[in-house]
Amino acid sequence: MSLHPTIAQALQVAIGAKPYHALPIEEARDTARRGYLLNTPPVSVGQVQNTNWPGPQGPIPVRIYTPLAPGPHAAVVFFHGSGFVMLDLDTHDDICRRLCIQSNRVVVSVDYRLAPEYPFPAAPDDCLAATLQVISHALALGIDTSHLALAGDSAGACLAAVTAWRLRESHPGLIQDLLMFYPVTDAPDSNRESYQQFGQGYGLSQEGMNWFWTQYMQNHKDHTHPHASPLRAPTLQGMPRTYIATAGHDVLRDEGQAYAERLKKAGIEVHCVCCESFNHGFLKYLGQLSEVDDAFNDATRWLIQGPLQRQR
């Protein structure tokens, strides 16, 4: 299937612009943020609260979205995409608001530390700490911890998978659902077909992904460590049921599908869909492209149906 015409046009307009890896880090971050921030009124939720929770190396900023309806509510801990290097709570504010409204869940968005200032394992350690803090704050936030999900896009989806994997033994059954959009699941691999097909000209490039990964891992020698590359975990038994949405024109497509296959082989309930006409980062088009809205709606329906099915 061909690339969505609106996305194709956006890529055409961007031809000639310097890629992130050719810019100073702060300029790269500012450029990336502008791609997400829209001059439109925010989607209304019941309440939005900014606060800080204790982390392994200092406070972790979080933003908490509460539905309009009275609680207690199930919750989603959300980790924003970033290439492990950029973006923040504001860039993913619209996504989290829509997730809150459509799933009728409290959404806790986590602003984990970014590379290169804070390389691996800072981000996964922050995400683990913030998830455990949800338990401590559950009563005050009106959260029902029996239905706790982790979610994220791109690098954030990687961090969600890693956090779920780390908790499966220490807190078995705590994470009920895992929602992943176009996830990073492995170190960059130019031998994958999706890297060869979409490595240039589709937004996230092979060169760009290599740059992100270098900033993130820096001097850490084990690029297959399961806290960095969830696809390489020795076992995926005990993982929560999982929804994976890959993009058809994305260097990460194949590793997302490979992760789904490994989960299936481990006996995990998996729903994996490839959004054929999209490229990497398609959630930035929420509220702008009906096809992206449809894909997001499908994911939130899956999230809503899970607890209902388990109670029958």
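Thresholds, definitions, all that
Residues numbered from 1 in each chain as written. Predicted model: local features only at pLDDT ≥ 70, side-chain atom pairs only at ≥ 80, totals over all residues. Heavy atoms only, no water. Helix = DSSP H or I, 4+ residues; strand = E, 2+ residues; numbered from the N terminus. Salt bridge = Lys/Arg side-chain N within 4 Å of Asp/Glu carboxyl O. Buried < 20%, exposed > 50% of the residue type's maximum accessible area, 1.4 Å probe, protein only. Expected span 1.5 Å × (residues − 1). Contact = heavy atoms within 4.5 Å. Core = buried A, V, L, I, M, F, W, Y, C linked by side-chain atoms within 4.5 Å. 1 Å grid on protein atoms, 1.4 Å probe; cavity = no way out; pocket = protein on both sides within 12 Å on 5 of 7 lines; lining within 4 Å. Points joined across faces, edges and corners; volume = space filled by probe spheres on them. Nonpolar A, V, L, I, M, F, W, Y, C, P; charged D, E, K, R; others polar. Polar contact = N/O pair within 3.5 Å; in protein donor to acceptor, adjacent residues only side chain to side chain. Pairing = 2+ DSSP bridges. Right-handed = clockwise from strand over helix to strand, strands pointing away. Phe/Tyr/Trp six-rings, centres within 6.5 Å; stacked < 30°, edge-to-face > 60°. Lys NZ or Arg CZ within 6 Å of the ring centre and 35° of its normal.

1. A short note on unusual backbone geometry
Part 1 of the reasoning: Residue Pro 116 follows Ala 115 across a cis peptide bond; omega there is 0°.
Part 2 of the reasoning: Tracing the chain through its elements places Pro 116 in the loop between strand E4 (106–110) and helix H4 (122–141).
Part 3 of the reasoning: For the bond running from Phe 120 to Pro 121, omega is 10°, close enough to zero to count as cis.
Part 4 of the reasoning: Tracing the chain through its elements places Pro 121 in the loop between E4 and H4.

2. Remarks on the pattern of salt bridges
Opposite charge on two side chains allows them to pair when their charged atoms are near.
Part 1 of the reasoning: Following the criterion strictly, the structure yields 20 salt bridges and no others.
Part 2 of the reasoning: A salt bridge links Arg 33 to Asp 88, with the nearest nitrogen and oxygen atoms 2.8 Å apart. You can see Arg 33 sitting in helix H2 (residues 25–34) and its partner Asp 88 sitting in the loop between strand E3 (73–79) and helix H3 (93–103), a full 55 residues away along the chain.
Part 3 of the reasoning: Residue Arg 33 is classed as partly exposed on the basis of its relative accessible area of 22%.
Part 4 of the reasoning: Assessed through its relative accessible area of 17%, Asp 88 is described here as buried.
Part 5 of the reasoning: Salt bridges linked by common partners bring Arg 33, Arg 63, Asp 88, Asp 90, Asp 93 and Arg 97 together as one network.

3. Section: helix H8 (residues 253–265)
Part 1 of the reasoning: Counted at 1.5 Å a residue, the expected span for H8 with its 13 residues is 18 Å, and the 19 Å between its end C-alpha atoms agrees.
Part 2 of the reasoning: Residues of H8 that are buried: Arg 253, Asp 254, Glu 255, Gly 256, Tyr 259, Ala 260 and Leu 263.
Part 3 of the reasoning: Of the surrounding elements, those touching the buried residues of H8 are helix H5 (155–170), strand E6 (175–181), helix H6 (193–198), strand E7 (241–249) and strand E8 (270–279).
Part 4 of the reasoning: With its phi angle positive at about 85°, Gly 267 sits one or two positions after the end of H8.

4. As for the nonpolar core
Part 1 of the reasoning: Ranked by size, the top nonpolar core spans 71 residues in total, and within it Phe 79, Val 110, Trp 213, Tyr 216, Met 239 and Tyr 259 carry the most contacts.
Part 2 of the reasoning: Ranked by the residues each element gives to this core, the list is headed by H5, at 10 residues.
Part 3 of the reasoning: Among residues more than four places away in sequence, those in contact with Tyr 216 are Phe 84, Ala 115, Pro 119, Phe 120, Ala 123, Pro 124, Leu 159 and His 227.
Part 4 of the reasoning: One finds Leu 3, Leu 11, Tyr 65 and Val 76 within the second-largest nonpolar core, a separate group that totals 33 residues.

5. Considerations on the layout of surface pockets
Part 1 of the reasoning: Its volume calculated, the largest pocket comes out at about 1,300 Å³.
Part 2 of the reasoning: For the largest pocket, the lining is made up of 42 residues, of which Leu 11, Tyr 20, Gly 203, Leu 204 and Lys 284 are closest to its centre.
Part 3 of the reasoning: Among the elements of the structure, helix H1 (5–14), H2 and helix H7 (206–217) are those that each provide at least two residues to the lining of the largest pocket.
Part 4 of the reasoning: When its residues are assigned to classes, the lining of the largest pocket shows 19 nonpolar, 19 polar and four charged.
Part 5 of the reasoning: Of the voids in this model, the second largest pocket is the one considered here, and its volume is about 240 Å³.
Part 6 of the reasoning: Lining of the second largest pocket is provided by 15 residues; of these, Tyr 36, Leu 38, Asp 90, Asp 93 and Asp 94 occupy positions nearest its centre.

6. A look at the environment of Ser 205
Part 1 of the reasoning: On the secondary structure map, Ser 205 appears in the loop between H6 and H7.
Part 2 of the reasoning: Taking the C-alpha atoms as reference, Ser 205 lies 21 Å from Ile 244; in sequence the two are 39 residues apart.
Part 3 of the reasoning: Every residue in contact with Ser 205, bar those within four places of it in the chain, is listed here: Gly 199, Gln 200 and Val 251.
Part 4 of the reasoning: Engagement of the side chain of Ser 205 in a polar contact is seen with the backbone nitrogen of Gly 208, the distance being 2.9 Å.

7. A word on the pairing of E7
Part 1 of the reasoning: Where burial is concerned, most of E7 is hidden: nine out of the nine residues are buried.
Part 2 of the reasoning: For E6 and E7, the ladder comprises five bridges, and the chain directions are parallel. Following the sheet pairing, Leu 178 is matched in E7 by Thr 242.
Part 3 of the reasoning: In terms of strand pairing, E7 meets E8 through seven bridges, oriented parallel. The residue bridging Thr 246 from the neighbouring strand is Cys 274, located in E8.
Part 4 of the reasoning: The parallel pair E7 and E8, bridged by H8, forms a crossover whose chirality is right-handed.

8. Observations concerning the packing of aromatic side chains
Part 1 of the reasoning: With the rule as written, the count across this model stands at 11 aromatic pairs.
Part 2 of the reasoning: A ring pair is formed by Trp 213 and Tyr 216, whose centres lie 5.9 Å apart and whose planes are at 70°; its orientation type is edge-to-face. Of this pair, Trp 213 and Tyr 216 both sit in helix H7, three residues apart, which is roughly one turn of the helix.
Part 3 of the reasoning: With centroids separated by 4.8 Å and ring planes inclined at 45°, the aromatic side chains of Phe 278 and Phe 282 adopt a geometry described as tilted.
Part 4 of the reasoning: Using a relative accessible area of 3% as the deciding quantity, one classes Phe 278 as buried.
Part 5 of the reasoning: Residue placement shows Arg 241 over the ring face of Trp 302; its charged tip is 3.8 Å from the ring centre.

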